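Chains, contacts and geometry: an overview
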Amino acid sequence: MAKVALFVPCYMAALRPDDGGHARRVLERLGDEVQTILGPCCGQPAFNSGYRSEAKSVGRALLRAARGHETIVVPSGSCASMVKHYLPGLWAGPRGASIERMSERFVEFGAYVAAHPNVAALPLRLPGAVTYHDSCHGRRELGLTEGAVGLLEQVEGLDVRRLAYEDECCGFGGTFTVKEPEVSVAMARAKLEDVASRGVRVLVSGDLSCLAHLEATARATDQSLETWTLAELLDRALA
Amino acid sequence: MSPFRARARAEIEAGPPAATLSPILRKLVADSRDQLSTASPSDARARAQAARAYAVDHLDELQEQLKESCARQGIGYHRAATAEEAVALVTQLLGDARRIAKSKSMVAEEVGLTHALRVRGKEVLETDIGEYIVDIEGRGPSHITAPALHLNRARIRELLAGAGEDVPDDDPVRLSRAVRDVVAEFFGEVDAGITGANAVIANSGRIVIVENEGNVSLGVSRPRLHIAITGMEKVVADEEAALAVLQVLAPSATAQPLTAYTHFLGAPDEGQERHLVVVDNGRSEILADERYRDVLRCIRCGACMNACPVYTAAGGLSYGSPYMGPIGAVVSPLLWRDGRHADLPSASSLCGRCSEVCPVGIPLHRMLLDLRAGEAENGGSRVEKVAWKSWAAAFAGRQGRAASWLARLGLRAGGRLPGLPISGSRPIPAANPPRDPAMLVPLDSIEPEPERAGEPLPEDVVSAFRERASVVGAVVVDEAEREDGDRRVRATAAVASTGSVLLAGEAAARGALMDARRIVVEVDEASVVRFPQELGPALAGDGDALILTGASRTADIEKQIVRGIHGPQALVVVVGSGTAQA
Ligand code: SF4
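Further remarks concern the interface of chain B and chain A. With 68 residues of chain B at the contact, the number on the chain A side is 77 residues. Both sides together, the interface formed by chain B and chain A hides about 6200 Å², and carbon and sulfur atoms give 59% of it. Contact with chain A buries area across many residues of chain B, yet Arg-435, Met-439 and Leu-440 of chain B alone supply 13% of it, more than any other trio. When the shortest N-O distance is used, the salt bridge between Arg-366 of chain B and Glu-141 of chain A registers 3.2 Å. Taken together, chain B and chain A are joined by 23 residue pairs in polar contact (both at pLDDT 80 or more). Sorting elements by how many residues they give to the side of chain B that touches chain A places helix H19 (residues 382–396) of chain B first, with eight residues. Residue classes in the side of chain B that touches chain A are distributed as 38 nonpolar, 13 polar and 17 charged.

So, in structure tokens, the structure goes:
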């Protein structure tokens, strides 16, 4: 039985805290002992806006909270990529190198589950049809796509329909959606059209941030849509 | 509201740019990917990146060498430190030349050359079909390789009518030919040609220009004076490096294996003058800054904007700069240091698709992050600074405070996200959404997408060459009867993967080629190579050379291909084995 920490990122804790619970239950069904770190932030919003010293002090608090854990599972490709690829660069010299080593202990939820020794034994079953959305950071910086899709395809009875333009961004981009709302929404609508063209109404992703953005846009344009995190889908498929 | 946002909002409200752009760009991105995977060797991008990285790392040295090579070729070599100097130099070189045929050049756009020359009383015609159209429209190009991409055929017809060119319908063939005729007539009497350059080769002094329509062929051969204007970063070490760049340029830009004409211009013809104007205009400053110097590798292919979802949604004009899309968001604030483009680095969701497609490996989205950090330090709004400070204070401390910070933010936003043109804002989704089992039931079944697979290249280079040459629009035969108006030449080499032929020396003389009705090129089977990168030996020396890949064409209107613009309407390739041909 592995001991892992589950880092529930700030916006998940605020927007949809149940998703942390879903992730936790899946990890427990894999036989892990889970300790939750609820609500810190990886620093990405400030970092992406150019406010690096602010990002650094917030990132430092996360690393402090993660201290002592061998494996920290993050149910977000975006936060995991921030911690692994950008956070260490905020410290110069040997301090940066030691933070880089520490950042290697962070692993994205879908990737962790897909590589888990007990994954094949999970009794996953959920009749229905869904489509899958990648977060750009998960896809391009961490290469998570095949792992996540592989998990979905492992679910008995589930028809997984790939998007026609799977590698296009949904338009969230953190503060981008606040600074450039019209363009951000235009991008979301292109993504939602692709979803609708698959003939499904449940959209699954490793990243709640993309999902919240898409769901908000779907509601405002009267598109019938449920957005599920990968953790929620796996948890429901286990029930 | 940032200027980008204001412009993008107006564009989206006036009719979403994506309606025109999205289908075109999605197809282009997929076709480019296929083209790169079939027409180029697997290491094509790595080679191009290495060639450009070497050039950037040895820029001063290569410019020195280029200067000497130009002297050998009899090409005037001139440096311009600023946009103003570039305009002054070109004006001086033009002397009393009055009618000027200009072809596409991003640097000319950057320094405002056309406008400046007109103000000085010159008659300048944009001879590229897309440039001609946006010149009449007066809002500037919306894409670096397809300037009129934002205009649909109906609007183009209106614009042409406004300029006195009535076209009976909005068929892209007729529209393109109408512009072609205006341009062809202008070339009847022209004093000077101004072109850009896609690369300049340090060791030979050759100027490399790619084009599809034949307007560059005319512009560098008809008038007695040719001026090429280019950014100082466009230099490459040698022919090998130029070929490495060419091998990825057209596939990335237009999903073509190579453009219809690829010029390697050497010494000017008898009685002709040729000058090269090398523009700095802020590039030295970029070169000196480690964070951004690699952006000078850029070959202006436009692949990053083709792939950019922000560009697709906002359209190129929203950037308010001659350089748009991801490359524009990086390079505009670096070239214009007065802050006029300081908002562009924020016009990105940082999805990274640009960096993924860039054929020379520029980490565009990481540069955007650095630019944002620079802006936050030196500029940046006070309100935003204060907001991030308070955010950091909340999240760096105890978690209870972070939660209350988020709650406050939620309250202030009224529980809504900004940004929907129709309803003003969007509701933040519920924290514990109810789930309806019926939602898992699919609405309909869908056909799986057919697998896209580019045709693999036949193993045998001669059959591969025959096949690809016909794909790009050449007529491939074993024998050709002589016809009136033929220009018969012998190829120095041919390329299988692109279906191209290389003409050198007298065979490349553009005057004779452009006057012909047909070009008949004899290709010796033994001279066929697999990829453009193998043309190095055939390009030895510093003479004039020209690679032909199909006949002239344009895709400037809605990316619809129209064949047969300027010059010969057909390219006939006669394939045979050596001496039997002569
Ligand atoms: S940045 Fe890269 S993709 Fe964009 S235009 Fe330049 S070379 Fe092409």
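Another point: the pairing of strand S4 (residues 192–195) of chain B. All names here are of chain B. Residues of S4 alternate between two faces, with Ala-192 and Ile-194 on one and Gly-193 and Thr-195 on the opposite face, all of them buried. Sheet topology note: the strand S2 (residues 99–102)/S4 ladder contains three bridges and is parallel. Bridge pairing in S4 places Ala-101 opposite Gly-193. Summarising the sheet, S4 and strand S7 (residues 225–231) pair through four bridges and their orientation is parallel. Bridge pairing in S7 places Thr-195 opposite Ala-228.

It is worth spelling out the environment of Ala-212 of chain A at this point. Inspection of the secondary structure puts Ala-212 of chain A in helix H12 (residues 208–220). Using a relative accessible area of 10% as the deciding quantity, one classes Ala-212 of chain A as buried. Measuring from C-alpha to C-alpha, the distance between Ala-212 of chain A and Val-185 of chain A comes to 12 Å, with 27 residues separating the pair along the chain. With residues near it in sequence (within four places) discarded, Ala-212 of chain A still touches Leu-15 of chain A together with Pro-429 of chain B.

Next up on the list: the site of the ligand. Near the ligand, the surroundings consist of 13 residues, among which Cys-298, Cys-301, Gly-302, Cys-304 and Cys-358 of chain B are the closest. A breakdown of the residues in the shell around the ligand according to their chemical character gives eleven nonpolar, one polar and one charged.

Here we take up the domain arrangement of chain A. All names here are of chain A. Assigned domains within chain A: domain 1 (3–113) and domain 2 (124–238). One C-alpha centre belongs to domain 1, the other to domain 2; they are set 21 Å apart. Facing 28 residues of domain 1, the contacting portion of domain 2 comprises 25 residues. For the pair domain 1 and domain 2, the two sides together bury roughly 2100 Å², of which 59% comes from carbon and sulfur.

Another point: the pattern of salt bridges. In the structure shown here, the tally under the stated rule is 59 salt bridges over all chains. Between Glu-166 of chain A and Arg-162 of chain A there is a salt bridge whose closest N-O contact spans 2.6 Å. Since its relative accessible area comes to 29%, Arg-162 of chain A is described here as partly exposed. Here Arg-518 of chain B ties to Asp-486 of chain B by a salt bridge, and the two come within 2.8 Å at their closest N and O atoms.

Attention now moves to unusual backbone geometry. Residue and element names in this part refer to chain B. Phi is positive for Asn-281, close to 45 degrees, though the residue is something other than glycine. Inspection of the secondary structure puts Asn-281 in the loop between strand S10 (273–279) and helix H13 (283–287). Given a relative accessible area of 14%, Asn-281 falls into the buried group. Phi angles above zero are rare outside glycine, and Lys-559 is one such case at about 60 degrees. In this structure, Lys-559 sits in the loop between strand S20 (553–554) and strand S21 (562–563).

What counts, and where the lines are drawn
Residues numbered from 1 in each chain as written. Chains lettered and ligands numbered in written order. Predicted model: local features only at pLDDT ≥ 70, side-chain atom pairs only at ≥ 80, totals over all residues. Heavy atoms only, no water. Contact = heavy atoms within 4.5 Å. Buried area = accessible area lost by both parts, 1.4 Å probe. Salt bridge = Lys/Arg side-chain N within 4 Å of Asp/Glu carboxyl O. Polar contact = N/O pair within 3.5 Å; in protein donor to acceptor, adjacent residues only side chain to side chain. Helix = DSSP H or I, 4+ residues; strand = E, 2+ residues; numbered from the N terminus. Nonpolar A, V, L, I, M, F, W, Y, C, P; charged D, E, K, R; others polar. Buried < 20%, exposed > 50% of the residue type's maximum accessible area, 1.4 Å probe, protein only. Pairing = 2+ DSSP bridges. Near = heavy atom within 4 Å. Domains from an automatic or database assignment.

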